[in-house]
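Close look at the chain arrangement
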Amino acid sequence: QVQLVESGGGSVQAGGSLSLSCAASEFTVNWQFMGWFRQAPGKEREGLVCLTWNNMPRYYTESVKGRFTISRDNVKNTLYLQMNNLKPEDTGMYYCAARVSGQSCPTVESDNYWGQGTQVTVSS
């Protein structure tokens, strides 16, 4: 059974950095479209950034462009999200996702494998 396990969340002050990881089992991150999503308290889940099969980032939202970087390590079978210059509005539960099938970036509505999430809290 495919499992995605996020880690690396925590509490930081505004301007700080965090690095999230998404470890995959029974699933290879190589050549896959995978993405990071966020759900802020009381809000809908939103897409942040996707990594295509050929390692091209596609940002769903301009608000994280220039601050968040997505990458993967095929040896460790892990997807990463480096988050710099964090803001209080970045607070939320962060999820990684991979499409069950299809060659395109996962969306909130698509059929995806999801991790359980990791909490990020940014204080001002």
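Described below are features of the structure shown in this document. Position numbers for residues start from 1 in each chain and track the written sequence from start to end. For a predicted model such as this one, the threshold for reporting local features is a pLDDT of at least 70, and the threshold for listing and counting side-chain atom pairs is 80 or more; totals across whole chains, interfaces and linings nevertheless cover every residue. Hydrogens and water are ignored here; the side-chain numbers use all heavy atoms of the structure.

A few words on the pattern of salt bridges. Here a salt bridge means any side-chain nitrogen of Lys or Arg lying within 4 Å of a carboxyl oxygen belonging to Asp or Glu. Scanning all chains against the criterion turns up 4 salt bridges. Across the salt bridge formed by Glu62 and Lys65, the nearest N and O atoms sit 3.8 Å from each other. Taking the shortest distance from any N to any O, the salt bridge between Asp90 and Arg67 comes out at 2.8 Å. Separated by 23 residues along the polypeptide, Asp90 in the loop between β8 (78-83) and β9 (92-99) and Arg67 in the loop between β6 (57-59) and β7 (68-73) bring together distant segments of the chain. Here the two residues Asp90 and Arg67 agree in accessibility, since each one is buried. Counting from the N terminus, the helices are DSSP H or I runs at least four residues long and the strands are E runs at least two residues long. Summary of the burial criterion: residues with accessible area below 20% of their type's maximum are buried, those above 50% are exposed, and those between are partly exposed, where the area comes from a 1.4 Å probe applied to protein chains only.

What follows deals with the packing of aromatic side chains. Given two aromatic rings, their pairing is described by the distance between the two centres and the angle made by the two planes. Stacked, edge-to-face and tilted labels apply to pairs of Phe, Tyr and Trp rings (six-membered ring for Trp) whose centres lie within 6.5 Å, assigned for plane angles under 30 degrees, over 60, and everything in between, in that order. Taken as a whole and assessed by the stated rule, the structure comprises 3 aromatic pairs. Between Phe37 and Trp114, the ring centres sit 4.9 Å apart and the planes meet at 70°, which makes this aromatic pair edge-to-face. Note that Phe37 is positioned in strand β4 (residues 34-39) and Trp114 in strand β10 (residues 112-114), a separation of 77 residues in sequence. For Phe37, a relative accessible area of 1% corresponds to the buried category. On the basis of relative accessible area, Trp114 is assigned to the partly exposed category, the value being 28%. Each ring, one from Tyr95 and one from Trp114, has its centre 6.3 Å from the other, and the planes form 90°; the classification is edge-to-face. Taken together, the positions of Tyr95 in strand β9 and Trp114 in strand β10 put the pair 19 residues apart, joining distant regions of the chain. Using a relative accessible area of 12% as the deciding quantity, one classes Tyr95 as buried. A connected cluster of aromatic rings, assembled from ring pairs, spans Phe37, Tyr60, Tyr95 and Trp114.

Along any regular strand the residues' side chains alternate between the sheet's two faces. The alternating pattern of β7 places Phe68, Ile70 and Arg72 on a buried face and Thr69, Ser71 and Asp73 on a face that is not buried. Across 6 bridges, β7 lies against β8 in antiparallel orientation. Following the sheet pairing, Thr69 is matched in β8 by Gln82. Strand pairing is assigned whenever DSSP identifies at least 2 bridges connecting the two strands. Here β7 hands over to β8 after 4 residues, with Asn77 in that stretch at a positive phi of 55°.

In short, the description is geometric, and any link to function would need to be established separately.
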